[in-house]
Amino acid sequence: MTTPEEKQMNAAMTDLIRSYYRAYETSDRSVVEKLLSDDFTFTSPLDDRIDRATYFAKCWPGNEHIERFRLDQLVLDGDQALIRYEAAESAGTTFRNVEHFELDGQQITHIDVYFGALPT
């Protein structure tokens with residue numbers, strides 16, 4: 001059984017994650033800057049634990065092509081989350097990925113992204 005404190009923490013983590021994806025939809029870098037810890041790292045099939053500055057230089061510019069995210073699954077397990085989504089791009093294409101988040105309760109400390117289907 002989930003305690004009231006655990007429910008509150010889960011709700012806060014869910015809000016934090018949803019805020020991250022909304023910031024990409026609205027091109028609001030200031031929100032993402034607040035959500036990522038100073039020691040944030042990012043890993044993908046193209047990146048191996050890049051730091052926060054490299055993430056913003058390499059990954060953030062892609063936000064201009066994102067129109068929306070549809071979060072199909074968001075599963076929490078302690079201070080980690082697994083998110084499966086479909087992203088719609090301004091060119092009319094979509095793609096699907098899974099991301100694994102590590103959180104410290106207040107911020108995102110690491111993201112692993114696993115590429116899904118190629119853009120349609």
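Up top is the structure these notes are about.
The notes below deal with the structure included here. Residue numbers run consecutively from 1 along every chain, following the written order of its sequence. Local features in this predicted model are restricted to residues of pLDDT 70 or higher, and side-chain atom pairs are both shown and tallied only at a pLDDT of 80 or more, whereas totals for entire chains, interfaces and linings draw on every residue. For the side-chain quantities, the full set of heavy atoms in the structure was used; hydrogens and water were omitted.

**Points about the pattern of salt bridges**
Every case where a carboxyl oxygen of Asp or Glu lies within 4 Å of a side-chain nitrogen of Lys or Arg is listed as a salt bridge. In this structure the tally under the stated criterion is 8 salt bridges. Here Lys58 ties to Asp47 by a salt bridge, and the two come within 2.5 Å at their closest N and O atoms. One end of the pair, Lys58, is in helix H3 (residues 52-58); the other, Asp47, is in strand S2 (residues 47-51), and 11 residues separate them in sequence. A network of salt bridges, in which partner residues are shared, links Arg68, Arg70, Asp72, Arg84, Glu86 and Arg96. Where helices and strands are cited, they refer to DSSP runs of H or I of at least four residues and of E of at least two residues respectively, numbered from the N terminus.

**What about the sheet that holds strand S1 (residues 36-44)?**
Read from one edge to the other, the open sheet built from 6 strands follows the order S2-S1-S6-S5-S4-S3, with strand pairing classed as mixed. Both outer strands of the open sheet, S2 and strand S3 (66-77), are each paired with one neighbouring strand and no more. Recorded for the sheet is a direction-independent mean angle of 20 degrees between the axes of neighbouring strands. Bridge analysis of S1 against strand S6 (residues 108-115) gives 4 bridges, and the strand direction is parallel. When the sheet's bridge partners are listed, Leu36 is paired in S6 with Ile108. Think of it this way: DSSP has to see at least two bridges between two strands before they count as a pair. For helices, the fitted line uses only the C-alpha atoms of the stretch in contact; every axis is such a line through C-alpha atoms, and the angle between N-to-C directions lies from 0 to 180 degrees.

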